[in-house]
Amino acid sequence: MADLPREGKLAGSPDFIQLIDMASESVGGKILFATDDFFAPAENLLKSDSPRCGDNEYTEFGKWVDGWETRRKRIPGHDWCIIKLGIQGVIRGFDVDISHFTGDYAPRISIQAANLEEDKEPEIPQRGVRTGVAATPEESEAVAELESSDWDLLVPMTELKPEKPASSHNYFLVNSQQKWTHVRLNIFPDGGIARLRVYGVGHKDWTAADPKEPLDLVAMACGGACVGFSNAHFGHPNKMIGVGPPKSVADGWETARRPDRPPILKHNGDGELLIPGCEWAVFRLAHPGVITQIEVDTTYFQGNSPASCNLDGCILTTQEEEDMIRQKWDVPGHKWKALLPVTQLSPNRSHVFDSLTLELQDVVTHARLTICPDGGISRLRLKGFPSSICLLRPRDKPVMRFSVKAGFRSNL
């Protein structure tokens, strides 16, 4: 099942960096243990902002660096740290960023991962704010219970390659379909790493969800993903389904201006602008369900918001999704169900709409947001109720059964 868009690719970087960073401090990622934090603590690995240069900044332990840097090792072994992911899920790739580490980056790394139950995690002492120290015997003894040296190897020992001093990324693709909760970053033997990005798709335990409370069925943190789009010149559609409120105009989907716009804009008889063309993005929901409420947020898009939008939904099997990706989402019109008609949008505000269809048969697996003529959207939230679904079967078994979770009727 594809999690990455196949058309309108962004050049220069792998597709998986458009997914969510499941280790970022902004989504609750946490360092549980590090063998050494002498020059700079491992917590810096999880910062959401880009690393910066501190050429003339010093601490009592040496040059200030924006990353994790261990002391020059003079004892046997190598350094490593353990990260508890803020969002548990399927890892699609890593970015090991050594920007600004020109003479002191770690020459080699490997990455391991584990799927641990919450109650199986040992009590590890709180780290607090730290520099100039190594792990204490108590910390080492506690973390030994995790047996992390035996975790699954996702990235074997690999040499890191420095590129431009201010932008030095090492990308690693991961093909595992397993859910992961923890990551172990090994550096060989010592040195510095500016950031570790763990890109992937969230995994939610839907059986534990409250059936009476609507959920965001498209949230990336729960497993939603953009699987196609027409244009993403300034920002990828996956940003719309990210965690939390938008942070800036860069934290959203924004297209290029359409080159086919007329030289002089005119109104029709109803006062609507006559502008040809539109842009679109298609999402696979984190769970098939009934969408009851739609939020389209244009916050921060003040001079570049769309004039209008509409939303459609459909049911697709895995095979049909793959076919549509190859056909660049030329889906037959009868497949789509209108969830939101063409609706005018205002700049820099959140718009909340009720879905058109609140009937039991209107379960959908995919949603298509269309904006006219172009512009930017910061957030898309599709609230509703997940349903049990017998789907994603081969074509010779076309039977599909749907049932809506208890509590849906009372919410209509």
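In case you missed it, the structure is sitting above this.
This section reports on the structure supplied with the text. (Residues numbered from 1 in each chain as written. Predicted model: local features only at pLDDT ≥ 70, side-chain atom pairs only at ≥ 80, totals over all residues. Heavy atoms only, no water.)

Digging into the overall build of the protein chain
Right, on to step 1. Across its full length, the protein chain holds 3 helices and 23 strands.
Right, on to step 2. Looking at the protein chain as a whole, 51% of its 412 residues are labelled buried.
Right, on to step 3. Residue pairs at least 24 apart in sequence account for 81% of intrachain contacts in the protein chain once pairs closer than 6 positions are excluded.
Right, on to step 4. Per element, the accessible surface of the protein chain, about 19,500 Å² overall, is 50% carbon and sulfur. (Helix = DSSP H or I, 4+ residues; strand = E, 2+ residues; numbered from the N terminus. Buried < 20%, exposed > 50% of the residue type's maximum accessible area, 1.4 Å probe, protein only. Contact = heavy atoms within 4.5 Å. Areas by Shrake-Rupley, 256 points an atom, 1.4 Å probe, with all protein chains shown as cover.)

Some points on the packing of aromatic side chains
Right, on to step 1. Tallied over the full model, the rule gives 5 aromatic pairs.
Right, on to step 2. An angle of 75° between the planes, with centres 6.2 Å apart, marks the rings of phenylalanine 16 and tyrosine 171 as edge-to-face. Here the residue phenylalanine 16 occupies a position in the segment before strand S1 (20-21), and tyrosine 171 occupies one in strand S9 (residues 169-173), the gap between them amounting to 155 residues.
Right, on to step 3. For phenylalanine 16, a relative accessible area of 3% gives the class buried.
Right, on to step 4. Residue classification places tyrosine 171 among the partly exposed residues on the basis of a relative accessible area of 31%. (Phe/Tyr/Trp six-rings, centres within 6.5 Å; stacked < 30°, edge-to-face > 60°.)

Some remarks on the environment of valine 364
Right, on to step 1. Inspection of the secondary structure assignment puts valine 364 in strand S20 (residues 364-372).
Right, on to step 2. Each C-alpha atom of the pair valine 364 and serine 387 lies 9.4 Å from the other, and the pair is 23 residues apart in sequence.
Right, on to step 3. Contact partners of valine 364, with chain neighbours within four places excluded, come to Leu285, Pro288, Gly289, Ile291, Gly313, Cys314 and Ile315.

Comments concerning the side chain of aspartate 190
Right, on to step 1. In this structure, aspartate 190 sits in the loop between strand S10 (179-188) and strand S11 (192-193).
Right, on to step 2. Lacking a salt bridge, the buried aspartate 190 has arginine 74 as its closest oppositely charged neighbour, with an N-O distance of 5.2 Å.
Right, on to step 3. Separated by 2.7 Å, the side chain of aspartate 190 and the backbone nitrogen of lysine 73 make a polar contact.
Right, on to step 4. Contacts of aspartate 190, omitting those with residues within four sequence positions, involve Thr70, Arg71, Arg72, Lys73, Asp79, Tyr105, Ala106 and Pro107. (Lys, Arg positive; Asp, Glu negative; His and termini not counted. Salt bridge = Lys/Arg side-chain N within 4 Å of Asp/Glu carboxyl O. Polar contact = N/O pair within 3.5 Å; in protein donor to acceptor, adjacent residues only side chain to side chain.)

Some remarks on the nonpolar core
Soluble globular proteins tend to pack their nonpolar side chains together in the buried interior.
Right, on to step 1. Ile91, Phe94, Ile109 and Leu196 are the most contacted members of the largest nonpolar core, which has 72 residues in total.
Right, on to step 2. Sequence-distant contacts of isoleucine 91, defined by excluding residues within four places in its chain, comprise Met22, Leu85, Leu154, Val174, Ser176, Gln178, Trp180, Val183, Val198, Tyr199 and Gly200.
Right, on to step 3. Of all hydrophobic cores here, the second largest spans 11 residues; its members include Phe33, Ala114, Ala142 and Leu146. (Core = buried A, V, L, I, M, F, W, Y, C linked by side-chain atoms within 4.5 Å.)

A word on the pattern of salt bridges
Right, on to step 1. Counted according to the given criterion, the structure contains 23 salt bridges.
Right, on to step 2. The shortest N-O distance in the salt bridge between arginine 197 and aspartate 21 comes to 3.6 Å. Of the two residues, arginine 197 is situated in strand S12 (residues 195-202) and aspartate 21 in strand S1; the sequence distance between them amounts to 176 residues.
Right, on to step 3. For aspartate 21, a relative accessible area of 10% gives the class buried.
Right, on to step 4. Across the pair glutamate 321 and arginine 284 runs a salt bridge, and its minimum N-O distance is 2.8 Å.

Let's talk about helix H2 (residues 318-326)
Right, on to step 1. The set of residues buried in H2 consists of Glu320, Glu321, Glu322, Asp323, Met324 and Ile325.
Right, on to step 2. In this structure, the buried residues of H2 make contact with strand S14 (225-229), strand S16 (279-297) and S20.
Right, on to step 3. Positive backbone phi, at 55°, marks lysine 328, one or two positions downstream of H2.

Structural notes on unusual backbone geometry
Most peptide bonds take the trans form, and the phi angle of most residues other than glycine is negative.
Right, on to step 1. The residue after phenylalanine 188, namely proline 189, is reached through a cis peptide bond having omega -10°.
Right, on to step 2. That bond from cysteine 372 to proline 373 is cis: its omega, -10°, falls within 30 degrees of zero.
Right, on to step 3. Among the structural elements, proline 373 can be located in the loop between S20 and strand S21 (376-377).
Right, on to step 4. A positive phi is found at histidine 100, a non-glycine position, where the angle reads about 75°.
Right, on to step 5. Structurally, the position occupied by histidine 100 is in the loop between strand S6 (79-97) and strand S7 (108-114).
Right, on to step 6. The exposure class of histidine 100 is partly exposed, given its relative accessible area of 25%.
Right, on to step 7. Even without a glycine there, the phi angle at asparagine 348 is positive, about 55°.
Right, on to step 8. A relative accessible area of 35% means that asparagine 348 is categorised as partly exposed.

With respect to the pairing of S6
Right, on to step 1. Extensive coverage of S6 is indicated by the burial of 17 of its 19 residues.
Right, on to step 2. Relative to S6, strand S2 (residues 30-34) runs antiparallel, the two sharing 4 bridges. Among the inter-strand pairings, isoleucine 31 is bridged to a residue of S6, identified as isoleucine 83.
Right, on to step 3. By the bridge criterion, 8 bridges tie S6 to S12 in an arrangement that is antiparallel. The partner of valine 90 across the bridge, within S12, is valine 201. (Pairing = 2+ DSSP bridges.)

Some remarks on the environment of serine 248
Right, on to step 1. Relative to the assigned elements, serine 248 resides in the loop between S14 and strand S15 (253-254).
Right, on to step 2. C-alpha of serine 248 to C-alpha of threonine 299: the two residues are 51 residues apart in sequence and 8.2 Å apart in space.

Thoughts on the state of the cysteines
Right, on to step 1. Across all of its chains, the model carries 0 disulfides by this definition.
Right, on to step 2. Between cysteine 278, a cysteine without a disulfide, and cysteine 372, which holds the nearest cysteine sulfur, the sulfur-to-sulfur distance is 4.7 Å.
Right, on to step 3. We classify cysteine 278 as partly exposed; its relative accessible area is 32%. (Disulfide = S-S within 2.5 Å.)

Here we look at the side chain of histidine 366
Right, on to step 1. Within the element layout of this structure, histidine 366 appears in strand S20.
Right, on to step 2. A polar contact of 2.7 Å, which involves the side chain of histidine 366, links it to the side chain of glutamate 321.
Right, on to step 3. A distance of 2.7 Å separates polar atoms of two side chains, one belonging to histidine 366 and the other to threonine 365.
Right, on to step 4. Those residues in contact with histidine 366, other than ones at most four positions away along the chain, are Val227, Phe283, Arg284, Leu285, Asp312, Gly313, Cys314, Leu316, Glu321, Trp329 and Trp336.

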